[in-house]
Amino acid sequence: MSRANTNFILAYVFLVALPVVGLIGVLKSGRKLTAPISVDGLWQLQADPVRLAALPCGKTLAQNPNTALVISQSGKNFTVSLSNDPKSTSSGVLEGNTLKALLVPSVAWSAGCGDSRELSLVATVDPKADPRSLAGLLSVNHCPACASVEFHAVRQTPQLKKGSH
Amino acid sequence: MPDLFKLVLQIAVILAVCRIAGSIFRRFGQPRVVGEMFAGVLLGPSFLGWIAPGLSAYLFPPVSLGFLNALSQIGVVVFMFLVGLGINPNELKKHGHAAVLTSHVSITAPFVLAAFLSLYLYPRLSDDSVAFTSFALFMGSAMSVTAFPVLARILIERGLLQSRLGTVAIASAAVDDVTGWCILAYIVVLTRAAHSGTPIWMTIGGIVVFALIMIYGVRHLLGGMEVSYRKWGGLSENRLAFMLLLVFGSALCTEWLGLHLLFGAFMMGAIMPKEQKFVQYVLDRFETITVTLLLPLFFAFTGLRTNIGLLKGGEMWMYCGLIILVATVGKLGGSTLASWLTGMPVREAAGLGTLMNTRGLMELVILDIGLDIKVISPALFSMMVVMALVTTFMATPLLAWFCPEKILRIELAKSPAKEPPLPGSIIESNGGSAA
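Fair warning: this is a prediction, and the values are worked out from it, not measured in the lab. (Residues numbered from 1 in each chain as written. Chains lettered and ligands numbered in written order. Predicted model: local features only at pLDDT ≥ 70, side-chain atom pairs only at ≥ 80, totals over all residues. Heavy atoms only, no water.)

Enquirer: For this particular structure, what's the right way to read the packing of aromatic side chains?
Expert: Both the distance between ring centres and the angle between the ring planes are used here to describe each pair of aromatic rings. Scanning all chains against the criterion turns up 13 aromatic pairs over all chains. Geometrically, the ring pair formed by Phe8 of chain A and Tyr12 of chain A is tilted, given 5.8 Å between the ring centres and 45 degrees between the ring planes. Taken together, the residues Phe8 of chain A and Tyr12 of chain A, both in helix H1 (residues 3–30) and four residues apart, mark about one turn of the helix. Residue class for Tyr12 of chain A comes out partly exposed when judged on its relative accessible area of 25%. With 5.4 Å between their ring centres and 85 degrees between their planes, Tyr122 of chain B and Phe132 of chain B make a pair best called edge-to-face. With a gap of ten residues between them, Tyr122 of chain B in helix H7 (residues 96–125) and Phe132 of chain B in helix H8 (residues 132–144) connect regions that are remote in the sequence. Assigned by exposure class, Tyr122 of chain B and Phe132 of chain B land together as buried. Members of the aromatic cluster, each reached through a chain of ring pairs, are Phe25, Phe38 and Phe393 of chain B. Between the NZ or CZ atom of Lys6 of chain B and the centre of the ring of Tyr58 of chain B, over which it lies, the distance is 4.3 Å. A cation over an aromatic ring shows up here: Arg285 of chain B above the ring of Tyr281 of chain B, its NZ or CZ 4.3 Å from the ring centre. (Phe/Tyr/Trp six-rings, centres within 6.5 Å; stacked < 30°, edge-to-face > 60°. Helix = DSSP H or I, 4+ residues; strand = E, 2+ residues; numbered from the N terminus. Buried < 20%, exposed > 50% of the residue type's maximum accessible area, 1.4 Å probe, protein only. Lys NZ or Arg CZ within 6 Å of the ring centre and 35° of its normal.)

So this is what it looks like as structure tokens:
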């Protein structure tokens, strides 16, 4: 075997074969990692329409029984909007199984919200439920007199295309 | 029914912005495609949606994007056929150890580094519906891709296509793309099979049978086209239409088998006869409309899905910087080291590494698939788009720095004159709108 061939084989082993072995190790050790709970998708909202209507900012939600939360997730961060009002997009954060977000009303449904009010959403994900569900409170910021409204949401869109385990 | 007025308006705006941005980037010595990719981002929520949300909502309402996406996907299907057509596996054999080692290291180095980076990014930018294996493999294949049409364009512009640097780069990039697409196919099958009723062995079995039919059946049929071309000096409209029909048929088969439309189109291109004049003839027939009309729609659609606003705060930009760093160290560093070890002078080796680090449109195509199957999150998608833009943008100035004209002239003088290893491909026409 020529010197060039020997060098080539050595270089190939060190630069290709060994890294591939390393890759297998990385893939194995990575399986132990845990990522934030998945909340991405469409969540059908269920709440008492009377209490929602009484909530400033909640009138539009009460008038649309099919309103859903549209959540787009990137790790612990997510954006959330209302299905019937995509302009209401706001960002939120996931802490363990708890979602926290502020929904800034858009022109379409801001009537009744006032100037500086935002709809605050705090909810806990039930990871064992299939499909996943949320239970939490909707309240209005900067409005001590406003009562919070309990809500429940069920993830609608099956995650058909999601990466699998 | 699509709102035709809105659709035509969208196309007009996209074409205008892409041409203007492409021309501006050309003035700065960049391939037009970099400007067009940038234009796509400008039209999305990262810029237009940010500075003029009303205009953005009027021009690109979410309900209208399905039609724009359909048109852009047709463009990418034809583009992938042309990419496959430009690939000639025999090129690798001609360049021996240098090309074999460079191409393989330029895949494994960024792939392994991306897998290591995934250990850090997975808990931060993914969620528990995505398996770590899918995430890491996707990151690896996305980071190891090379956009050989852009690479070829840069080589042509600098008169390097026939040099050792050029031929090794082209051959290595071809191997990278084929390997990258095979890995991506595996990830897509894995991901989709888990959520469909079809067992994975049936999907893989179907793909193997399909590949065998393509290689041993359809390939011979295509050989007849080359014979006809040689006999008549061209192909009739019927034959060209039949070729397109085969491309779409092949794309539909891979989609139906649980892969993706693009794999079928790529495969059809890869099994086409590789006689240079024939390849150039087919490219000339199909590339003009694809490159000038349909690909800008894809850039715009990708830009509309890219939201740099999602990268809020220093932490997110730090992730983005890490991605760019790892992608560059893996691809540029790995290729440089491998080619230097096989005897290439260090500057030339660094030039080769720079070329291999060019990701261009191929990266965007892969990222779009990743976002579609939700292996990557919207924020990570945006970071990877930024990485694709940066690595493609840096290629031309870095190449000029590593390999100044003086050195290249000496190297070129040593290279034996020969036919270009690839046709001008998706490159020379249309003012160099390389993808």
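Enquirer: In this structure, what is going on with the packing of helix H11 (residues 200–232) of chain B against helix H14 (residues 276–305) of chain B? I would like to understand it.
Expert: All names here are of chain B. For the pair H11 and H14, interaxial distance at closest approach is 10 Å and the crossing angle is 95 degrees. As far as their axial angle goes, H14 and H11 are roughly perpendicular. Seen from H11, the contacting residues are Met225, Glu226 and Tyr229; seen from H14, they are Lys277, Phe278 and Tyr281. In terms of residue class, the contact of H11 with H14 is made up of four nonpolar, no polar and two charged. (Axes fitted to C-alpha atoms, helices over the stretch in contact; angles between N-to-C directions. Parallel < 35°, antiparallel > 145°, perpendicular 65-115°, else oblique. Contact = heavy atoms within 4.5 Å. Nonpolar A, V, L, I, M, F, W, Y, C, P; charged D, E, K, R; others polar.)

Enquirer: Any chance you could explain helix H17 (residues 360–372) of chain B here in plain terms?
Expert: Residues that lie three or four places apart on an α-helix share one face, since the helix turns once every 3.6 residues. Residues and elements named next belong to chain B. Relative to the 18 Å expected for 13 residues at 1.5 Å per residue, H17 spans 19 Å between its end C-alpha atoms, a close match to the ideal helical length. Among the 13 residues in H17, twelve count as buried, and that is most of the element. Among the residues of H17, those classed as buried are Gly360, Leu361, Met362, Glu363, Leu364, Val365, Ile366, Leu367, Asp368, Ile369, Gly370 and Leu371. The positive-phi residue at the C-terminal boundary of H17 is Lys374, with phi of around 60 degrees. (Expected span 1.5 Å × (residues − 1).)

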